[in-house]
Amino acid sequence: MARYRVSNKNIYGFSTRVTTTGLLAGLAFLVTALLAQLVIGPALYPVYLAGNTLDDQEAGASPTAGTPVAQSIADMEKLERFTLVTTGVVLKYDTINDQGTIYHRLLLPSGEKVVARINQRNMEKTGEPGVYRLPVGCWREWPGEPPPAVMVLDGLLVTSHYVDMVGDYRPALSEWDFSRGLANTAGSIVFLLCCILYPVWGVWRGKFAPAFFCRADPLLPRNDLELWCASAYALLDRMDPELEGWPLVTGAHRTRRAVANTKAALAAEHGITNGVQGLEAARRLAEPWAWETGDTRMAGWDLCRAMRLLAMLYHAGMLDRSALDRELSRTGKLAQRCFSSWEELTQSCLAGFDGRQRALAWDILLDLRATPHGPYSVPWRTGLSWSPEGGPGETEAVREVLSRYHVRD
């Protein structure tokens, strides 16, 4: 035995809706990705670029025609921003590697040797082959102790400061790469949201059972009235192998096939195509017994069918929940007046079957009676009041029974 769950066949629609979920999520991914790539990305790219582009005179930016060229340490100390000129050979070979951070050894025109961090993306060629103007730089003290790899050369070059030609530089993506990254990210988020929200939406619509918080299923009885009435027609539900049965108020979830079957049954068996016709049919079954004072042995068959008919109308979307409770309250109270126990009501309902169906119904009835915390564990004299204000009504019995009910796997 496993703890109660309303359906172990189609949790979150994985039996009947996984393909639909995948198609919807895939379509949402494609639409979102295309919008991000072709529309949103180009619109946001200037904002992205503004946050990832250095100003002209920031350390690491490309030098301009007005950027002064420092010749010595004294020039670098005097100038707030400057550039240096060096050769490609120096940039390639005169390097210091400190745990992955690359520094360059530069020989200034004054003969002084310094250490520099260089953003090589923003260097500029000069008219002389192999000679480059370096990015805008500034003369900085080390934020802490100089790197050990630099200190090894102490005495051979100046180690108290370094030339910072990187600053806050971050390489900016091209517009196409930025838009493609945005498309992949946005599309993936929407895909995951669809995979999560579509099943949740299906549970909210009553299309299938939740995998978690199973008692939050909207088609479970929400009050003692609905639980009692669902117990009254539990035998009729179990006779239909297509239904999931008690304790669902509707006997089944609202999958497209189940709703279509319900509408077809209403039309074929009762000639019902709308809620007004359905209410009239349910009342025709129930109301004669309101005046009957003699033999009520067959009342159970009509009253249980009337309550089941109301549930079918709600399942087919022809009746709202408030109207369902109002009519169930009227019919359920009539059943309580005609009978004094579940045994009497179910025996009367059983009498409506004939032939082989009665034998099958008897076996099912015995099984339902033997089910711990099953439909007939609901107190017979449960209050069947209906709240016209739309409130939930009494919930003592429904909380007690559903908290303990089990289903066979």
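See the structure above.
These figures come from a predicted structure and were not determined experimentally. (Residues numbered from 1 in each chain as written. Predicted model: local features only at pLDDT ≥ 70, side-chain atom pairs only at ≥ 80, totals over all residues. Heavy atoms only, no water.)

Novice: With reference to specific residues and values, describe the sheet that holds strand S2 (residues 85-87).
Specialist: The strand order S2-S7-S6 describes an open sheet built from 3 strands, whose pairing is antiparallel. The open sheet has two edge strands, S2 and strand S6 (124-125), and neither has a second partner. Relative to strand S7 (residues 131-133), S6 runs antiparallel, the two sharing 2 bridges. Across the sheet, residue Lys-125 finds its bridge partner in S7, namely Tyr-132. (Pairing = 2+ DSSP bridges. Helix = DSSP H or I, 4+ residues; strand = E, 2+ residues; numbered from the N terminus.)

Novice: Tell me about unusual backbone geometry, and please be specific about residues and values.
Specialist: The general pattern is negative phi for most residues beyond glycine and trans for most peptide bonds. With omega at 10 degrees, the peptide bond leading from Trp-246 into Pro-247 counts as cis. Mapping Pro-247 onto the fold places it in the loop between helix H7 (234-238) and helix H8 (256-270). We note that Gln-99 has phi near 55 degrees; this positive angle belongs to a residue other than glycine. Of note, Gln-99 is situated in the loop between strand S3 (95-98) and strand S4 (101-107). On the basis of relative accessibility, which here comes to 79%, the residue Gln-99 falls in the exposed class. Of note, His-373 is a non-glycine position whose phi angle comes to about 55 degrees, a positive value. For His-373, a relative accessible area of 32% translates into the label partly exposed. (Buried < 20%, exposed > 50% of the residue type's maximum accessible area, 1.4 Å probe, protein only.)

Novice: Tell me about the pairing of S3, and please be specific about residues and values.
Specialist: On S3, burial follows the alternation: Ile-96 and Asp-98 on one face are buried, whereas Thr-95 and Asn-97 on the facing-out side are not. Pairing analysis gives 4 bridges linking S3 to S4, with the strands arranged antiparallel. Within the sheet, the bridge partner assigned to Thr-95 lies in S4 and is His-104. Connecting S3 to the next strand, S4, in antiparallel fashion are 2 residues, including Gln-99 with a positive phi near 55 degrees.

Novice: I'd like a rundown of a nonpolar patch on the surface, residues and numbers included.
Specialist: On the surface, Leu-27, Val-31, Leu-34, Leu-35, Leu-38, Val-39, Ile-40 and Leu-44 cluster together to form a nonpolar patch covering roughly 730 Å² of accessible area. Of note, Leu-27 is situated in helix H1 (residues 18-51). (Patch = residues over 30% accessible without salt bridge, like charges linked within 9 Å, V, L, I, M, F, W, Y side chains within 5 Å. Areas by Shrake-Rupley, 256 points an atom, 1.4 Å probe, with all protein chains shown as cover. Salt bridge = Lys/Arg side-chain N within 4 Å of Asp/Glu carboxyl O.)

Novice: Would you mind going over the pattern of salt bridges in detail, with residue names and values included?
Specialist: Inspection of every chain in the model, using the stated rule, returns 14 salt bridges. For Glu-226, the salt bridge identified is with Arg-321, shortest N-O distance 2.8 Å. Linking Glu-226 in helix H6 (residues 224-232) with Arg-321 in helix H11 (residues 321-338), this pair joins segments that are 95 residues apart in sequence. Comparing Glu-226 with Arg-321, the two get one shared label, buried. Each of Arg-222, Glu-226, Arg-321 and Asp-325 takes part in one network of salt bridges that share partners.

Novice: Which residues make up the packing of aromatic side chains, and what values go with them?
Specialist: Tallied over the entire structure, the rule returns 10 aromatic pairs. Measuring from ring centre to ring centre gives 5.2 Å for Trp-228 and Trp-380, while their planes differ by 55 degrees; the resulting arrangement is tilted. Of this pair, Trp-228 sits in helix H6 while Trp-380 sits in the loop between helix H13 (355-370) and helix H14 (396-404), and the two are 152 residues apart along the sequence. Classification of Trp-380 by relative accessible area gives buried; the value is 8%. Ring geometry for Trp-342 against Trp-380: centres 5.0 Å apart, planes inclined by 85 degrees, an arrangement best described as edge-to-face. In this pair, Trp-342 is assigned in helix H12 (residues 342-350) and Trp-380 in the loop between H13 and H14, connecting sequence segments 38 residues apart. Taken together, the ring pairs in this structure connect Trp-228, Trp-342, Tyr-376 and Trp-380 into an aromatic cluster. Here Arg-254 stacks its cationic end above the ring of Tyr-314, 4.4 Å away from the centre of that ring. (Phe/Tyr/Trp six-rings, centres within 6.5 Å; stacked < 30°, edge-to-face > 60°. Lys NZ or Arg CZ within 6 Å of the ring centre and 35° of its normal.)

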